[in-house]
Amino acid sequence: MNGTIQNRDSFLQMIAQRLGRNSRKEGVERPSWSFHPQEKTLAGYSSDELVDAFIKQCKNVHVDVYRTTSKSLKNTLKEVIAFYGGGPIVTWDDHRFEAFGLMPFLLEELPNEGTDVHIWDPELGKENIQIAERANIGITFSDYTLAESGTVVLLNGGGKGRAVSLLPTTYISIIPKSTILPRMTQAARKFHQMVEKGETISSCINFITGPSNSADIEMNLVVGLHGPIKTAYLIIEDC
């Protein structure tokens with residue numbers, strides 16, 4: 001549903017007046033900057049070097065990293081789930097779980113072992129959020145992954161509820177190696193290219209860098225303050 005913008009022209013005109021010029025509605029061009037320092041960070045790194053840089057940064061943001069392959073992904077995920085105390089588990093409704101052969105594990109093997117698994121269902125509305133609040137582990141795939149900061153980028157919407165990475169005690173992100181980029185610069189460029197092509201992109205894009213933390217009080221770091229207490233990344237090295 002399209003929204004209605006109220007008082008846009010008067011608002012923009014007021015800003016232009018404060019800047020000492022008239023409002024410009026056309027002929028605006030992107031500046032051509034002389035220097036592009038944002039392009040130099042990790043520039044020229046190979047895929048393997050980006051993985052190494054990513055893992056190094058993850059140590060600084062209190063993330064446990066596991067390296068696996070597409071063939072071993074199920075077993076690795078099973079071990080990680082057990083390490084963090086098992087279910088209840090909540091996941092995205094994401095075709096990648098099917099593509100990597102994880103659906104029988106999620107829908108059959110784990111439930112048969114007594115582990116409750118819920119896959120986000122948009123038709124359930126707020127009930128999904130209540131389930132995520134009770135979950136011990138939330139699992140998603142990473143859409144883009146930033147080596148510089150140890151960040152996973154999630155394109156939320158539809159069956160990809162943002163509460164899956166926010167409310168459970170532990171958050172697990174599955175990261176195909178091919179999603180790892182140098183930094184936010186490259187991810188932002190991809191979003192910009194999608195918009196230029198007229199593609200629909202997610203209205204909610206989350207950048208998650210490890211478990212929740214804060215150092216607001218006298219610069220003393222507290223990890224697991226207002227979201228997942230623990231975070232783990234599973235890097236699939238052969239895809």
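Provided above is the structure to which this section pertains.
Residues numbered from 1 in each chain as written. Predicted model: local features only at pLDDT ≥ 70, side-chain atom pairs only at ≥ 80, totals over all residues. Heavy atoms only, no water.

## With respect to the pattern of salt bridges
This model, assessed by the stated rule, comprises ten salt bridges. For Glu-39, the salt bridge goes to Arg-189, with nearest N and O atoms at 2.4 Å. Highlighted residues: Glu-39 in the loop between α1 (8-18) and α2 (47-60) and Arg-189 in helix α7 (residues 184-196), separated in sequence by 150 residues. With a relative accessible area of 32%, Arg-189 lands in the partly exposed category. With its nearest N and O atoms 3.9 Å apart, the salt bridge here joins Arg-67 to Asp-52. With Arg-67 in strand β1 (residues 63-68) and Asp-52 in helix α2, the pair connects residues that are 15 residues apart, well separated along the chain. Residue Arg-67 is classed as partly exposed on the basis of its relative accessible area, which comes to 44%. Through salt bridges with shared partners, a single ionic network connects Lys-74, Lys-78, Glu-109 and Glu-113. (Salt bridge = Lys/Arg side-chain N within 4 Å of Asp/Glu carboxyl O. Helix = DSSP H or I, 4+ residues; strand = E, 2+ residues; numbered from the N terminus. Buried < 20%, exposed > 50% of the residue type's maximum accessible area, 1.4 Å probe, protein only.)

## Focus on the sheet that holds strand β4 (residues 137-141)
In spatial order, the strands read β1-β12-β7-β4-β2-β3; together these six strands make up an open sheet with parallel pairing. If you trace the sheet from one side to the other, it starts and ends with β1 and β3 (117-119), each paired once. Between one strand axis and the next, the sheet turns through 20 degrees on average, direction left out of account. In the sheet, β1 pairs with strand β12 (residues 230-236) via six bridges, with the strands oriented parallel. Opposite Asp-64, over in β12, you have Ala-232 as the bridge partner. (Pairing = 2+ DSSP bridges. Axes fitted to C-alpha atoms, helices over the stretch in contact; angles between N-to-C directions.)

## A closer look at the side chain of Ser-142
One can find Ser-142 in the loop between β4 and β5 (144-146). In this structure the side chain of Ser-142 is engaged in a polar contact, spanning 2.8 Å, whose partner is the backbone oxygen of Tyr-144. Beyond its immediate chain neighbours, meaning those up to four positions away, Ser-142 contacts Arg-96, Val-152, Val-153, Leu-154, Ser-173, Ile-174, Ile-175, Pro-176 and Thr-179. (Polar contact = N/O pair within 3.5 Å; in protein donor to acceptor, adjacent residues only side chain to side chain. Contact = heavy atoms within 4.5 Å.)

## Section: the nonpolar core
Core analysis: the biggest nonpolar cluster contains 47 residues, and Phe-54, Leu-77, Ile-81, Phe-97, Ile-139, Ile-172 and Ile-174 have the highest contact counts within it. Sort the elements by how many residues they give to this core and α2 lands first, with six residues. Residues within four places of Ile-174 in sequence aside, it is in contact with Leu-73, Leu-77, Phe-97, Leu-102, Ile-139, Thr-140, Phe-141, Ser-142, Leu-234 and Ile-236. Listed in part, the eight residues of the second largest apolar core include Leu-146, Leu-181, Ala-187 and Phe-191. (Core = buried A, V, L, I, M, F, W, Y, C linked by side-chain atoms within 4.5 Å.)

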